[in-house]
Amino acid sequence: MFRKSFENVRKKCPLIHNITNYVTVNDCANIVIACGASPIMADDKDEVADITTLCAGLNINIGTLNSRTIASMLIAGKRANELNHPVVLDPVGAGASKLRTETAMRLLEEVKFTVIRGNISEIKTLASGSGTTKGVDADVADRVTEECLDDVIALAKGFAEKTGAVIVITGAVDIVADSKTAYCIQNGHSIMASITGSGCQLSAMTAAFVTANPERPLEAAAAAVAAMGLAGETAHARLSDLDGNSTYRNYIIDAIYNMTPEILEKGAKYEVR
Amino acid sequence: MFRKSFENVRKKCPLIHNITNYVTVNDCANIVIACGASPIMADDKDEVADITTLCAGLNINIGTLNSRTIASMLIAGKRANELNHPVVLDPVGAGASKLRTETAMRLLEEVKFTVIRGNISEIKTLASGSGTTKGVDADVADRVTEECLDDVIALAKGFAEKTGAVIVITGAVDIVADSKTAYCIQNGHSIMASITGSGCQLSAMTAAFVTANPERPLEAAAAAVAAMGLAGETAHARLSDLDGNSTYRNYIIDAIYNMTPEILEKGAKYEVR
Amino acid sequence: MFRKSFENVRKKCPLIHNITNYVTVNDCANIVIACGASPIMADDKDEVADITTLCAGLNINIGTLNSRTIASMLIAGKRANELNHPVVLDPVGAGASKLRTETAMRLLEEVKFTVIRGNISEIKTLASGSGTTKGVDADVADRVTEECLDDVIALAKGFAEKTGAVIVITGAVDIVADSKTAYCIQNGHSIMASITGSGCQLSAMTAAFVTANPERPLEAAAAAVAAMGLAGETAHARLSDLDGNSTYRNYIIDAIYNMTPEILEKGAKYEVR
């Protein structure tokens with residue numbers, strides 16, 4: 001099933017509009033290409049409606065947001081909704097500043113999202129209106145473990161119910177849920193937390209996957225999450241003793257580039273709850 | 001002849017001012033260093049005139065343009081013209097949004113460019129005032145092939161005549177033309193389309209080459225294009241089965257770093273029409 | 001002694017707020033993670049006070065500054081001072097434009113810095129109020145050599161006396177000085193000048209080191225400088241004939257990732273004057 005989702009990305013090569021932070025933007029562009037889609041980055045309010053119209057899907061990432069780009073996010077999101085294009089939200093650092101929390105909440109009010117992807121602290125912030133986000137990483141007290149998995153699944157399903165979006169919570173176990181069904185994905189490697197932007201990259205790639213599979217956003221998002229985790233495993237297996245997080249970053253993108261739909265199908269480790 | 005152009009870059013180490021997009025800016029800086037020049041990135045309207053004055057050449061790239069940086073592009077471009085410094089334009093995504101097309105057209109009106117480098121869709125947009133640019137990649141219908149090569153050469157020469165600039169159209173075959181002479185360069189590898197920013201990098205490197213060779217912009221631009229293509233070949237030859245577009249990106253810059261003027265002279269594949 | 005400084009970074013994992021340029025921001029984030037700390041990048045005036053409050057230390061880098069981010073630098077710097085958080089200044093290109101020089105001088109007036117790190121041209125500009133900075137690299141006439149080392153040490157100690165900050169001047173020999181004591185650090189490799197952003201990365205990492213060692217900023221900054229130089233040596237030893245500056249950039253970050261406090265202690269080469 002994940003195979004089909006991935007095949008569609010490679011076959012349709014959807015053009016994805018990204019309004020994203022300047023920290024990880026290059027990696028986002030390269031991973032979108034690696035998975036078979038085509039990225040365009042544009043964030044000025046005077047062009048985002050045009051670019052969204054030209055593209056087939058939109059990815060909004062609020063890291064390094066500012067007053068200029070917040071306006072652009074709203075314009076692009078509404079335009080994508082009008083056109084019925086899939087839209088992904090990555091609420092980077094929601095809970096870490098009033099501006100990020102309020103911007104994320106405002107985006108949720110004014111734009112209908114297909115997928116919302118964050119770490120547990122970011123998603124809790126959005127779901128509850130308050131949070132304990134410490135920077136851009138999940139708070140230790142929030143970490144998703146087997147012990148609290150049921151609670152996290154319930155949170156994801158509830159927030160999916162409320163927003164109509166597929167909710168993706170990434171961590172040691174990744175949860176991908178709509179209001180009824182949750183994929184618990186076990187792919188990945190703990191060293192993925194040692195590179196900046198693995199979450200940003202996943203959000204950009206998820207936009208490619210749901211855009212290429214408009215009828216099945218839950219499965220498409222789960223496929224993207226499994227692909228990212230599997231790439232993390234493949235990349236880890238290549239590391240020599242001298243390699244560290246910078247080489248690892250390159251190897252993850254390389255692994256997506258070389259991944260086939262069959263490899264994904266075979267390597268995906270998940271259960272459905 | 002390409003050897004001499006490249007030797008001058010390594011010998012003169014020209015300082016190049018770049019106003020460029022935030023997607024590929026790091027790669028642009030590293031390839032400018034790799035070829036032997038020195039980059040400085042600055043895009044605020046209150047400093048670009050100073051920075052342009054300090055530098056020997058200017059590279060303007062309109063990817064991720066915004067109202068703040070558009071003003072800076074105009075100031076810097078005019079200042080470079082006053083100082084008789086070479087200026088390169090990379091009209092990223094011209095045709096993809098009204099803002100990009102209009103900004104590119106306005107830059108063409110108010111600034112005299114030494115080189116304009118884009119893919120065929122971008123150059124067609126500028127030459128005709130309309131285009132079918134799909135995002136930041138050339139439209140499939142526009143792709144440069146052997147069959148349409150004569151038409152593309154005529155387009156490049158005509159646009160060179162009109163603007164007084166050397167026109168560089170990159171694709172499967174790269175065209176570098178002034179109003180009378182066109183280099184058709186066969187270096188490169190198709191996998192170069194799989195990394196973000198190979199065009200941006202080439203534009204930045206072209207600025208270094210034409211700045212170091214002020215008397216011969218046509219040959220200097222052709223040398224830069226051949227160097228980029230040759231680096232793409234060298235980098236491809238290094239790839240293992242596990243490597244993908246991210247490692248490939250690093251290897252291209254590495255290949256420029258290790259390329260000597262002699263290697264370029266020997267490896268360049270082109271004809272003059 | 002450097003061992004202890006590095007151990008504290010790995011143990012405390014301080015959260016570091018970075019207001020930094022878009023050229024090297026990704027490398028800054030990855031090296032902060034590599035050394036054991038956690039980065040967050042945020043530059044909007046409406047959130048920097050929140051983010052600085054959340055973090056334990058602040059790194060201000062003026063490369064690609066603009067009117068919007070200059071305001072944010074001032075707000076964040078003052079907030080960090082109120083909270084008694086360490087603040088690092090990287091005056092990228094001070095002396096290259098009026099805007100950069102004036103901004104750096106204004107930051108020095110309004111914010112108390114724990115560490116100021118630049119090349120000799122940048123530091124001279126700040127210490128004297130004028131300079132001959134050519135772009136973002138040190139001017140040739142300014143290069144730190146054994147011959148002029150005593151003068152540079154005197155400059156660093158004098159400027160440390162004046163500002164109350166630890167002064168770091170990087171070059172072939174790196175000087176780390178307060179008003180009384182100077183470390184002259186001999187680690188590093190000349191190829192480090194061939195990658196963009198090794199200085200920016202060092203400043204970000206220095207913020208992590210001084211934040212984790214609030215009682216001993218001089219030693220902590222010296223430890224960060226030695227770690228960066230040692231990483232440059234380790235990375236150089238890995239290079240194959242085909243590798244160039246792009247791969248080297250990755251290897252430096254990898255080397256920090258794999259460096260232990262013991263390796264640093266053993267590999268640091270310095271004298272105290």
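Residues numbered from 1 in each chain as written. Chains lettered and ligands numbered in written order. Predicted model: local features only at pLDDT ≥ 70, side-chain atom pairs only at ≥ 80, totals over all residues. Heavy atoms only, no water.

> Is there a simple way to explain a nonpolar patch on the surface in this structure?
Residues Met1, Tyr270 and Val272 of chain A make up a contiguous nonpolar surface patch of roughly 250 Å² in combined accessible area. Take Met1 of chain A: it is sitting in the segment before helix H1 (2-12). (Patch = residues over 30% accessible without salt bridge, like charges linked within 9 Å, V, L, I, M, F, W, Y side chains within 5 Å. Areas by Shrake-Rupley, 256 points an atom, 1.4 Å probe, with all protein chains shown as cover. Salt bridge = Lys/Arg side-chain N within 4 Å of Asp/Glu carboxyl O. Helix = DSSP H or I, 4+ residues; strand = E, 2+ residues; numbered from the N terminus.)

> Can you walk me through the relation of the copies chain C and chain B in this structure?
Superposition of the two copies of the chain requires a rotation about an axis and a shift along the axis. Under the fitted operation, chain C is carried onto chain B by 0.0 Å of movement along the axis and a turn of 120°, and the coordinates agree to an RMSD of 0.0 Å. The superposition operator between the copies reduces to a three-fold rotation axis. Of every C-alpha in chain C, the one belonging to Tyr22 of chain C sits nearest the axis of rotation, 3.6 Å from it. In this assembly the copies use different faces: only 9% of the residues contributing to the interface of chain C also contribute to that of chain B. (Least-squares fit on C-alpha atoms with pLDDT ≥ 70 in both. Contact = heavy atoms within 4.5 Å.)

> Sorry, what's going on with empty space enclosed by the protein here?
Remark: the empty space left among the atoms is shown by a probe the size of a water molecule rolled over them. In the structure shown here, the tally under the stated rule is one cavity of 30 Å³ or more. Taken as a whole, the largest cavity spans an internal volume of roughly 170 Å³. Lining the largest cavity are 19 residues, with Val23 and Asn26 of chain A, Val23 and Asn26 of chain B together with Asn26 of chain C sitting closest to its centre. Contributions of two or more residues to the lining of the largest cavity are made by helix H2 (25-35) of chain A, helix H2 (25-35) of chain B together with helix H2 (25-35) of chain C. Split into classes, the residues belonging to the lining of the largest cavity amount to nine nonpolar, four polar and six charged. (1 Å grid on protein atoms, 1.4 Å probe; cavity = no way out; pocket = protein on both sides within 12 Å on 5 of 7 lines; lining within 4 Å. Points joined across faces, edges and corners; volume = space filled by probe spheres on them. Nonpolar A, V, L, I, M, F, W, Y, C, P; charged D, E, K, R; others polar.)

> Is there a simple way to think about the interface of chain B and chain A in this case?
Many analyses report the size of an interface as the accessible area lost when the parts associate. Each partner contributes residues to the interface: chain B has 33 residues there, and chain A has 30 residues. Taken together, the connections running from chain B to chain A amount to two salt bridges. Asp243 of chain B is the salt-bridge partner of Arg238 of chain A, the closest N and O atoms lying 2.5 Å from each other. Scanning the region where chain B abuts chain A turns up 21 residue pairs in polar contact (both at pLDDT 80 or more). Counting only elements with at least two residues in the side of chain B that touches chain A, the list comes to helix H5 (98-110) and helix H10 (245-258) of chain B. Looking at the side of chain B that touches chain A element by element, the count peaks at five residues for H10 of chain B. Residue composition of the side of chain B that touches chain A, by class: ten nonpolar, 15 polar and eight charged. (Polar contact = N/O pair within 3.5 Å; in protein donor to acceptor, adjacent residues only side chain to side chain.)

> Please clarify how the pairing of strand E6 (residues 166-170) of chain A should be interpreted in this entry.
Looking down a regular strand, the side chains alternate between one sheet face and the other. Residues and elements named next belong to chain A. Burial analysis of E6 places five of its five residues in the buried class, which makes it a mostly covered element. With burial as the criterion, each face of E6 is covered, one bearing Val166, Val168 and Thr170 and the other bearing Ile167 and Ile169. In this structure, strand E5 (residues 115-119) lies alongside E6, joined through five bridges in parallel fashion. Each residue of the ladder has a partner; that of Asn119, found in E6, is Thr170. Here three bridges tie E6 to strand E7 (residues 174-177), and the two strands are oriented antiparallel to one another. Paired with Ile169 across the strands is Ile175, a residue of E7. Counting the residues between successive antiparallel strands, the hairpin from E6 to E7 contains three residues. (Buried < 20%, exposed > 50% of the residue type's maximum accessible area, 1.4 Å probe, protein only. Pairing = 2+ DSSP bridges.)

> I keep staring at the sheet that holds strand E4 (residues 87-90) of chain A and nothing clicks. Help me out?
Backbone hydrogen bonds are what pair the strands of a sheet, in a parallel or an antiparallel way. All names here are of chain A. Spatial ordering of the open sheet is given by E2-E1-E3-E4-E5-E6-E7-E8-E9, a layout of nine strands whose pairing is mixed. Each edge of the sheet is formed by a strand with only one pairing partner; in this case those strands are strand E2 (38-41) and strand E9 (270-272). Along the sheet, successive strands turn relative to each other by an average axial angle of 20°, direction set aside. Relative to E4, strand E3 (residues 57-61) runs parallel, the two being bridged by four bridges. Note that in E4 the partner of Ile60 across the bridge is Leu89. (Axes fitted to C-alpha atoms, helices over the stretch in contact; angles between N-to-C directions.)

> Please clarify how the interface of chain C and chain B should be interpreted in this entry.
Across the boundary between the two partners, chain C contributes 32 residues, which contact 30 residues of chain B. The contact between chain C and chain B buries some 2500 Å² in all, and 49% of this surface belongs to carbon and sulfur atoms. Considering only the side of chain C, the residues that lose the most area to chain B are Tyr22, Leu242 and Asn245 of chain C, jointly responsible for 22% of the buried surface there. As a salt-bridge pair, Arg100 of chain C and Glu47 of chain B come within 2.9 Å of each other at their nearest N and O atoms. Secondary-structure elements contributing two or more residues to the side of chain C that touches chain B are helix H5 (98-110) and helix H10 (245-258) of chain C. If one sorts the elements of the side of chain C that touches chain B by residue count, H10 of chain C sits on top with five residues. Of the residues contributing to the side of chain C that touches chain B, the split by class is nine nonpolar, 15 polar and eight charged. (Buried area = accessible area lost by both parts, 1.4 Å probe.)

> What's the story with H1 of chain A in this structure? I'm lost.
Residue and element names in this part refer to chain A. Buried within H1 we find Phe2, Ser5, Phe6, Asn8 and Val9. Looking down the long axis of H1, one finds its buried residues gathered within 150° of arc, a one-sided arrangement. Backbone geometry just downstream of H1 places Cys13 in the positive-phi region, at approximately 45°. (Arc of directions from axis to C-beta.)

No statement about biological role is implied by the geometric values presented.
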